[in-house]
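Descriptive analysis of the structure
The primary structure of each chain is shown beneath.
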Amino acid sequence: MYEGGIRVPACVSWPGTISPGQSNNSVGLTMDLFPTLSEIAGISVPGENLDGISLAPALLEGRPMANERALFWVRREGNRYGGRVYYAARIGDFKLLQNSPFEPMELYNLADDPGEVSPLGRDHQMYGKLFRSLQRHIIKSGSVPWQRGDS
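Just so it is clear, the model here is predicted, and its values are computed rather than measured. Within every chain, residues take consecutive numbers counted from 1 along the sequence as written. Totals for whole chains, interfaces and linings use all residues, but because this is a predicted model, local features are given only for residues with pLDDT of at least 70 and pairs of side-chain atoms are given and counted only at 80 or more. Neither water nor hydrogens contribute to the side-chain values; these are computed over all heavy atoms in the structure.

Concerning the confidence of the model for the protein chain
- pLDDT measures how confident the predictor is about each residue, on a scale from 0 to 100. Residues of the protein chain with pLDDT of at least 70 account for 94%, and the chain-wide mean is 86.
- Numbering of helices and strands runs from the N terminus; a helix is a DSSP stretch of H or I covering at least four residues, while a strand is a stretch of E covering at least two. Mean pLDDT across the elements of the protein chain bottoms out in helix H1 (residues 3-6) (83) and peaks in strand S4 (residues 106-109) (97).

Quick look at the sheet that holds S4
- Note on pairing: two strands pair once DSSP finds at least 2 bridges between them. Taken together, four strands build an open sheet; the order of strands is S1-S2-S3-S4 and the sheet is antiparallel. At either margin of the open sheet sits one strand with a lone partner, and together these are strand S1 (70-76) and S4. The mean angle between the axes of side-by-side strands here comes to 15 degrees, regardless of whether they run parallel or antiparallel.
- Pairing geometry for S1 and strand S2 (residues 85-91), over seven bridges, is antiparallel. By the bridge assignment, Ala70 is partnered in S2 with Ile91.
- Helix-sheet contacts for helix H4 (residues 125-142) involve S1, S2, strand S3 (94-97) and S4, and the interaxial angle to S2 is about 125 degrees. Fitted lines through C-alpha atoms serve as axes, helices being fitted only where they are in contact, and the angles separating the N-to-C directions of these axes extend from 0 to 180 degrees. It only takes one pair of heavy atoms within 4.5 Å for two residues to be counted as in contact.

A closer look at the pattern of salt bridges
- Whenever a carboxyl oxygen of Asp or Glu lies within 4 Å of a side-chain nitrogen of Lys or Arg, that contact is scored as a salt bridge. The final tally for this structure, using the stated rule, is eight salt bridges.
- When the shortest N-O distance is used, the salt bridge between Glu61 and Arg63 registers 2.9 Å.
- Burial status follows relative accessibility: with a 1.4 Å probe on protein chains alone, a residue under 20% of its type maximum counts as buried, one over 50% as exposed, and anything between as partly exposed. With a relative accessible area of 44%, Arg63 lands in the partly exposed category.
- Its salt-bridge partner being Arg75, residue Glu77 comes within 2.4 Å of it at the nearest N-O pair.
- Under the relative-accessibility criterion, Arg75 is labelled partly exposed at 45%.

This is how it looks when you write it as structure tokens:
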């Protein structure tokens, strides 16, 4: 779950619309493709149930996108991990992660430590914020839409 494992550069070419050589460090995920392409096509999509955001301002205007939304990565492995899950969560420059289901969570400030070498302590305020965000994400993703929440 380190950046070297989950961070992947992207390239978009649109001659006459996107300036050649334009660079942007905005963070996006595949879930952002639908709202981005919908906005570019001029199609309105209801946003209340979408996790993704439109990256059109970053692509068309070169404007960096705010990175204050919570992003999550979940990985389930077989073999030696026995089907257990491990996670990463990111808000802004802070990322909480584990690289196997048997390791404790580690917090990093990617702006200060892009190589994720020196984890911050559990007492850092962002540790608790990211941990609670991850817990809410796990609960939400494990819910069954047609079941009542009080059962």
